[in-house]
Amino acid sequence: MQFGAAIAVTLMPRAGALGVVTLRLAVASLLLMVVCRPRLRGHSRADWGTVLGFGLALAAMNTLFYQAADRIPLGPAVTLEVLGPLALSVIASRRVVNLLWAGLALCGVFLLSGGGFDRLDPVGAAFAVGAGAMWAAYIVFSARTGRRFPQADGLALAMTVAALLTLPLGVAESGTLLVDPVILGLGAAVALLSSVLPYTLELLALRHIAASTFAVMMSLEPALATLAGLLILGQVLTPLEGLAIALVVVASIGAVRTTSTAHA
């Protein structure tokens, strides 16, 4: 997912952040609908409500995150975004010790911001935090969708909802650039790496593990995003920023262990 995000960042100067989101979701929707061929009849109103909520979360999460990645480096963007799943874990576990892990994560965020957010674009940081809130919603709705629909049918339908929601925004920003062969090809690569493969695997995983456990197992996302940013985008972080990201990762790992112990 993070290497797909790095490719998306290289595409943004040519197609715009909203254009890349539209390409990612539209291509992912097309691929999933062709492969899954989900049944449209026989679903309850609650089923469709779940799909709609999942689609809204997907659209908002991707739109907000790409707005963040367009303004701040990939590692810090994912570090701020991962606060959403971490908060979900703390709330779901209801254990006091997880408040300590949350505090450690907040210390990491404080270091990342340099004590203020003047070192990071404040608008980009705000988008990343908003994407984190939508990531938490995505986890909840993904788990519900996986229980209501077979295979990845629910994901295919939700991805179509997300694509339809973002299409007007992408067309307004990028217009005919969306059908440029090179941009379309790179957009397809982003869709495969960042949407089709990870979302399908995550939906299947959420059928077997608790949403709170899954949320904090995303702990390596900031580290992998930092690596992708370095290798593909040449984004080098300062030692202090590296320490900040490490604190968030350690906090998430601690929450994983705490949650695992609670469910043992």
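Residues numbered from 1 in each chain as written. Predicted model: local features only at pLDDT ≥ 70, side-chain atom pairs only at ≥ 80, totals over all residues. Heavy atoms only, no water.

Novice: Looking at this structure, I do not really get unusual backbone geometry. What am I missing?
Specialist: Trans peptide bonds make up the majority, and among non-glycine residues the majority have a negative phi. In this structure, Arg-37 is a non-glycine residue whose phi angle is positive, near 45°. Topologically, Arg-37 is positioned in the loop between helix H2 (17-36) and helix H3 (45-69). Phi at Gln-151 is positive, roughly 50°, even though this residue is not glycine. Tracing the backbone shows Gln-151 in the loop between helix H7 (122-148) and helix H8 (153-174). (Helix = DSSP H or I, 4+ residues; strand = E, 2+ residues; numbered from the N terminus.)

Novice: So what exactly am I meant to see when it comes to the packing of helix H1 (residues 2-15) against helix H11 (residues 221-233) here?
Specialist: Helix-helix packing is characterised by the crossing angle of the two axes and by the distance between the axes. The contact between H1 and H11 brings their axes to 8 Å, and the two run at 40°. Overall, the two elements H1 and H11 adopt an arrangement that is oblique. Crossing hand, H1 versus H11: right-handed. In this structure, H1 contributes Gln-2, Phe-3, Ala-6, Val-9 and Thr-10 to the contact, and H11 contributes Glu-221, Leu-224, Ala-225, Leu-227, Ala-228, Leu-231, Ile-232 and Leu-233. Across the contact of H1 with H11, the residue classes break down as 10 nonpolar, two polar and one charged. (Axes fitted to C-alpha atoms, helices over the stretch in contact; angles between N-to-C directions. Parallel < 35°, antiparallel > 145°, perpendicular 65-115°, else oblique. Left-handed = near helix turned anticlockwise from the far one by under 90°. Contact = heavy atoms within 4.5 Å. Nonpolar A, V, L, I, M, F, W, Y, C, P; charged D, E, K, R; others polar.)

Novice: What am I meant to see in the nonpolar core here?
Specialist: Soluble globular proteins tend to pack their nonpolar side chains together in the buried interior. With 73 residues, the main nonpolar core has Leu-58, Phe-65, Tyr-66, Leu-74, Tyr-138 and Leu-155 as its most contacted residues. Not counting residues up to four positions away in its chain, the partners in contact with Tyr-66 are Ala-8, Met-12, Ala-17, Val-20, Val-21, Arg-24, Val-190 and Ser-194. (Core = buried A, V, L, I, M, F, W, Y, C linked by side-chain atoms within 4.5 Å. Buried < 20%, exposed > 50% of the residue type's maximum accessible area, 1.4 Å probe, protein only.)

Novice: Please clarify how the pattern of salt bridges should be interpreted in this entry.
Specialist: Pairing of side chains with opposite charge becomes possible as their charged atoms draw close. Per the counting criterion, the structure on display carries one salt bridge. Notably, a salt bridge pairs Asp-47 with Arg-148, separated by 2.7 Å at the nearest N-O pair. With Asp-47 in helix H3 and Arg-148 in helix H7, this pair connects stretches of sequence that are 101 residues apart. (Salt bridge = Lys/Arg side-chain N within 4 Å of Asp/Glu carboxyl O.)

Novice: Sorry if this is basic, but what is going on with the packing of aromatic side chains here?
Specialist: Both the distance between ring centres and the angle between the ring planes are used here to describe each pair of aromatic rings. Per the stated rule, a full pass over the model turns up two aromatic pairs. On the numbers, 5.6 Å between centres and 40° between planes, the contact of Phe-54 with Tyr-138 is tilted. Taken together, the residues span a long stretch of sequence, with Phe-54 in helix H3 and Tyr-138 in helix H7 at a distance of 84 residues. Accessibility classification places Phe-54 together with Tyr-138 in one group, the buried group. Against the face of Phe-141 rests Arg-144, its NZ or CZ located 5.5 Å from the ring centre. (Phe/Tyr/Trp six-rings, centres within 6.5 Å; stacked < 30°, edge-to-face > 60°. Lys NZ or Arg CZ within 6 Å of the ring centre and 35° of its normal.)

Novice: Any chance you could explain the environment of Ile-209 here in plain terms?
Specialist: Mapping Ile-209 onto the fold places it in the loop between helix H9 (181-205) and helix H10 (211-216). Classification of Ile-209 by relative accessible area gives partly exposed; the value is 32%. Sequence-wise, Ile-209 and Ala-143 are 66 residues apart; in three dimensions their C-alpha atoms are separated by 9.3 Å.

Novice: In this structure, what is going on with H2? I would like to understand it.
Specialist: Turn by turn, an α-helix covers 3.6 residues, leaving residues three or four places apart pointing in a common direction. Given a rise of 1.5 Å per residue, 20 residues ought to cover 28 Å, and the 28 Å separating the end C-alpha atoms of H2 matches this to within 8%. Of all 20 residues making up H2, 14 are buried, and the element is well covered by its neighbours. Within two residues after H2, Arg-37 carries a phi angle of roughly 45°, on the positive side. (Expected span 1.5 Å × (residues − 1).)

Novice: Please clarify how the packing of H2 against H8 should be interpreted in this entry.
Specialist: Closest axis-to-axis distance for the H2/H8 pair is 7 Å, and the angle between their directions is 150°. Judged on the interaxial angle alone, H8 and H2 are roughly antiparallel. Judged by the twist between their axes, the crossing of H2 over H8 is left-handed. Split into classes, the residues belonging to the contact of H2 with H8 amount to 17 nonpolar, seven polar and two charged.

Novice: Looking at this structure, how should I read the side chain of Thr-200?
Specialist: Along the chain, the position of Thr-200 falls in helix H9. Polar side-chain contacts of Thr-200 include one of 2.6 Å to the backbone oxygen of Val-196. Once you skip the residues sitting within four places of it in the chain, Thr-200 turns out to touch Leu-32, Ala-152, Leu-155 and Ser-195. (Polar contact = N/O pair within 3.5 Å; in protein donor to acceptor, adjacent residues only side chain to side chain.)

Novice: Help me out: how do you make sense of a nonpolar patch on the surface in this one?
Specialist: Among the surface-exposed residues, Phe-3, Leu-220, Leu-224, Leu-227, Leu-230, Leu-231, Ile-232, Val-236 and Ile-253 lie close enough to one another that they form a single nonpolar patch of about 800 Å² accessible area. With five residues, H11 is the largest single contributor of residues to the nonpolar patch. Along the chain, the position of Leu-231 falls in helix H11. (Patch = residues over 30% accessible without salt bridge, like charges linked within 9 Å, V, L, I, M, F, W, Y side chains within 5 Å. Areas by Shrake-Rupley, 256 points an atom, 1.4 Å probe, with all protein chains shown as cover.)

Novice: I keep staring at the environment of Ala-133 and nothing clicks. Help me out?
Specialist: Structurally, the position occupied by Ala-133 is in helix H7. Sequence spacing of Ala-133 and Leu-83 is 50 residues, and the spatial spacing of their C-alpha atoms is 7.9 Å.

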